[in-house]
Amino acid sequence: MNRSRFFRHAMVALVPAAAISLGLGNVLAQTPPPAPPAVSTPTPPAPGPSATPAPPPPATPPPATAPVQTADPFGEQITLAPKTVVVMRGNANWDSAFDTLIDSFKALSALLDKQGIKPAGNSMIVYTATDDTGFTYLAEIPVEQEPKNLGKDMSIGKSPEGNALKFVHRGSYDNMDNTYEAITNHLDDKKLEAKDTFIEEYITDPLKTAEDKLVINVYVPLK
């Protein structure tokens, strides 16, 4: 995994109703026998059978409209607001980057759980420097109550603020190279100059979500 280049640059058709034909047999009226001479009242003719109209076929309901999925933001301009965060500094090699970041999140989460403090936002990684072999970073979890008895490499601080571009990555951490390549191309096309840092906000909990199901917002601060 190498991101150092980034620093350098959805009808159901209506079914026609079947034609319904009503076949009625010919009704032959039987001729009544001749009336006896003593009877003067003629026998009334038998009424012919009445035809019952067939009910109309039920109307086919209109097909359901599939929900429209909007595209994820790509290069959306936003303003980051600073948040109070508990921070853990670290460094990692690209080959084991995700495992290292997970270890930092576990350490911070354990600290908060032990003190009964709930996170006030999504976990974040702030990349502070990169090269071809690895990077340094700040793992951050927003809090409203500051924890005590911080562990090694931990501190209380503020998350980044200011103007930035927002991008969205879906999938594994290792596949983020494609996302960062697209970000670099976007910056080049728009002739935008980014700061030498970037932020990943984990919309899905990295400690509970399968790696290939991750959703990560990437923020690129602008100069």
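Residues numbered from 1 in each chain as written. Predicted model: local features only at pLDDT ≥ 70, side-chain atom pairs only at ≥ 80, totals over all residues. Heavy atoms only, no water.

1. Some thoughts on the layout of surface pockets
Part 1: In this model, the largest pocket occupies a volume close to 240 Å³.
Part 2: Residue lining of the largest pocket: 16 residues in total, with S109, P119, S123, D205 and L207 positioned closest to the centre.
Part 3: Of all the elements, helix 2 (residues 97-114) adds the most residues to the lining of the largest pocket, at 4 residues. (1 Å grid on protein atoms, 1.4 Å probe; cavity = no way out; pocket = protein on both sides within 12 Å on 5 of 7 lines; lining within 4 Å. Points joined across faces, edges and corners; volume = space filled by probe spheres on them. Helix = DSSP H or I, 4+ residues; strand = E, 2+ residues; numbered from the N terminus.)

2. Some thoughts on the environment of D103
Part 1: Inspection of the secondary structure assignment puts D103 in helix 2.
Part 2: For D103, a relative accessible area of 48% puts it in the partly exposed group.
Part 3: Sequence spacing of D103 and L207 is 104 residues, and the spatial spacing of their C-alpha atoms is 9.4 Å. (Buried < 20%, exposed > 50% of the residue type's maximum accessible area, 1.4 Å probe, protein only.)

3. Some words on the packing of aromatic side chains
Part 1: In the structure shown here, the tally under the stated rule is 8 aromatic pairs.
Part 2: The interplanar angle of 75° and the centroid separation of 5.6 Å between the aromatic rings of F105 and Y202 together place this pair among those described as edge-to-face. In this pair, F105 sits in helix 2 while Y202 sits in strand 7 (residues 198-202), placing the two residues 97 residues apart along the sequence. Neither F105 nor Y202 differs from the other in exposure class; each is buried. (Phe/Tyr/Trp six-rings, centres within 6.5 Å; stacked < 30°, edge-to-face > 60°.)

4. Some thoughts on the sheet that holds strand 3 (residues 124-130)
Part 1: The 8 strands lie next to each other as 1-6-8-7-3-4-2-5, forming an open sheet whose pairing is antiparallel. The sheet is open, and its two borders are formed by strand 1 (74-80) and strand 5 (154-158), each paired with just one other strand. Going across the sheet, the axis of each strand differs from the next one's by a mean of 35°, ignoring polarity. (Pairing = 2+ DSSP bridges. Axes fitted to C-alpha atoms, helices over the stretch in contact; angles between N-to-C directions.)

5. Considerations on helix 3 (residues 176-190)
Part 1: For helix 3, built from 15 residues, the straight-helix expectation of 21 Å at 1.5 Å per residue is met to within 8% by its first-to-last C-alpha distance of 21 Å.
Part 2: Looking at helix 3, one finds that the buried residues are M176, T179, Y180, I183, T184, H186 and L187. Projected onto a plane normal to the axis of helix 3, the buried residues spread over an arc of 160° and lie on a single side. Helix 3 presents N178 and D189 as exposed residues on the side facing more than 90 degrees away from its buried surface.
Part 3: Looking one or two residues past helix 3, K191 carries a phi angle of roughly 55°, positive in sign. (Expected span 1.5 Å × (residues − 1). Arc of directions from axis to C-beta.)

6. Some remarks on the confidence of the model for the protein
Part 1: Mean pLDDT over the protein works out to 80, with 69% of the residues at or above the 70 mark.
Part 2: Low pLDDT, under 50, characterises residues 8-33; the predicted model gives this stretch 17 contacts beyond four residues in sequence or across chains.
Part 3: Here residues 64-69 is a poorly scored stretch, pLDDT under 50, and it has 1 contact once near neighbours within four places are set aside; other chains count. (pLDDT = per-residue confidence, 0-100. Contact = heavy atoms within 4.5 Å.)

7. Quick notes on the side chain of S104
Part 1: In this structure, S104 sits in helix 2.
Part 2: The class for S104 is buried, based on a relative accessible area of 3%.
Part 3: The residues contacting S104, other than those within four sequence positions of it, are M88, Y137 and A139.

8. Here's the deal with the pattern of salt bridges
Part 1: Scanning the model with the defined rule gives 2 salt bridges in all.
Part 2: One salt bridge in this structure joins D72 and R170, with 2.7 Å as the shortest N-O distance. Here the residue D72 occupies a position in the loop between helix 1 (4-8) and strand 1, and R170 occupies one in strand 6 (residues 162-170), the gap between them amounting to 98 residues.
Part 3: The exposure class of R170 is exposed, given its relative accessible area of 52%. (Salt bridge = Lys/Arg side-chain N within 4 Å of Asp/Glu carboxyl O.)

9. Side note on the pairing of strand 8 (residues 215-221)
Part 1: Buried residues dominate strand 8, accounting for 7 of its 7 residues.
Part 2: Residues of strand 8 alternate between two faces, with V215, N217, Y219 and P221 on one and I216, V218 and V220 on the opposite face, all of them buried.
Part 3: In this sheet, strand 8 lies alongside strand 6 in antiparallel orientation, the contact comprising 7 bridges. Bridge pairing in strand 8 places A164 opposite P221.
Part 4: Bridging between strand 7 and strand 8 involves 4 bridges; their strand directions are antiparallel. Note on strand 8: the bridge partner recorded for Y202 is I216.

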